[in-house]
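Spelled out from the first residue to the last, the chains are:
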Amino acid sequence: MIHEKSCGAIVYRKFHGNTEILLVRHINSGHWSFPKGHVEKGETEVETARREIMEETSIDVIIDPTFRETVTYSPRRDTVKNVVYFLAKAKNVDFVPQKDEISEVRWVDITYAPHILSYDNDRTITVKAKNAIKDLY
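About the thresholds
- Residues numbered from 1 in each chain as written.
- Predicted model: local features only at pLDDT ≥ 70, side-chain atom pairs only at ≥ 80, totals over all residues.
- Heavy atoms only, no water.
- Core = buried A, V, L, I, M, F, W, Y, C linked by side-chain atoms within 4.5 Å.
- Buried < 20%, exposed > 50% of the residue type's maximum accessible area, 1.4 Å probe, protein only.
- Helix = DSSP H or I, 4+ residues; strand = E, 2+ residues; numbered from the N terminus.
- Contact = heavy atoms within 4.5 Å.
- Pairing = 2+ DSSP bridges.
- Phe/Tyr/Trp six-rings, centres within 6.5 Å; stacked < 30°, edge-to-face > 60°.
- Lys NZ or Arg CZ within 6 Å of the ring centre and 35° of its normal.

Trainee: Any chance you could explain the nonpolar core here in plain terms?
Mentor: It is characteristic of soluble globular proteins that their nonpolar side chains tend to be buried jointly. Counting residues in each nonpolar core, the largest one holds 19 residues, and the members touching the most others are I10, I21, L23, F34, Y85, L87 and I125. Sorting the residues of this core by element identifies β1 (2-15), β2 (18-26), β5 (61-73), β6 (79-90) and α2 (120-136) as the ones contributing at least two each. If we ignore the near neighbours within four places in the chain, the residues touching F34 are A9, I10, I21, L22, L23, V24, H26, Y85, L117, D122, I125 and T126. Counting 17 residues, the second largest nonpolar core, distinct from the first, contains A9, I102, V105 and W107.

If you want it as structure tokens, here you go:
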């Protein structure tokens, strides 16, 4: 059995009094999710999440390590993948999709995001993120 680990975040911003989160559409599968990627040797989870968000979207973030959710799934028959998600506040809002991995990037109202997200695990994390963000303001 192969074990993989990735880290990412639910990136948010306040826009006209509403909370919006950043969603990315992956080129290969076409699914909508959050920015994330594989942990590189010597990186912490937070470092991986910040780097991957920057690589995939060109957005710099402030990560809240107190919000930490893990999703486990099997992308292939012989593989188990753990993805750790944090909450991250965007420092800039203009994005540039990573050409070889991301086909589209969108800021979406957090209450509408579950209608776009491809997977139930991501919808569940969105609800938790919404509640955590609400507690911050």
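On we go from here.
Trainee: I tried to follow the pairing of β5 on my own but got confused; where do I start?
Mentor: Each regular strand shows side chains that alternate between the opposite faces of the sheet. Direction of pairing for β5 relative to β6: antiparallel, over a ladder of 10 bridges. Residue pairing across strands places R68 opposite F86, the latter belonging to β6. Between β5 and β6, which pair antiparallel in sequence order, lie five residues.

Trainee: Help me understand unusual backbone geometry, please; the structure alone is not making it clear to me.
Mentor: A positive phi angle, near 50°, is found at H16, a position not held by glycine. Relative to the assigned elements, H16 resides in the loop between β1 and β2. Although it is not a glycine, S58 sits at a positive phi angle of roughly 65°. You can see S58 is positioned in the loop between α1 (45-57) and β5. Taking the relative accessible area as the measure of exposure, S58 reaches 31% and is therefore partly exposed.

Trainee: How should the packing of aromatic side chains be read in this particular structure?
Mentor: Any aromatic ring pair is given by two values, namely how distant the centres are and how the planes are angled relative to each other. In this structure the tally under the stated criterion is one aromatic pair. Taking the centre distance of 5.4 Å and the plane angle of 80° together, the rings of F34 and Y85 count as edge-to-face. Here Y85 lies in strand β6 and F34 lies in the loop between β3 (32-33) and β4 (36-38), a separation of 51 residues in the sequence. The class of Y85 is buried, set by a relative accessible area of 2%. If you follow R13 out to its NZ or CZ, it ends over the ring of F15, 4.4 Å from the centre.

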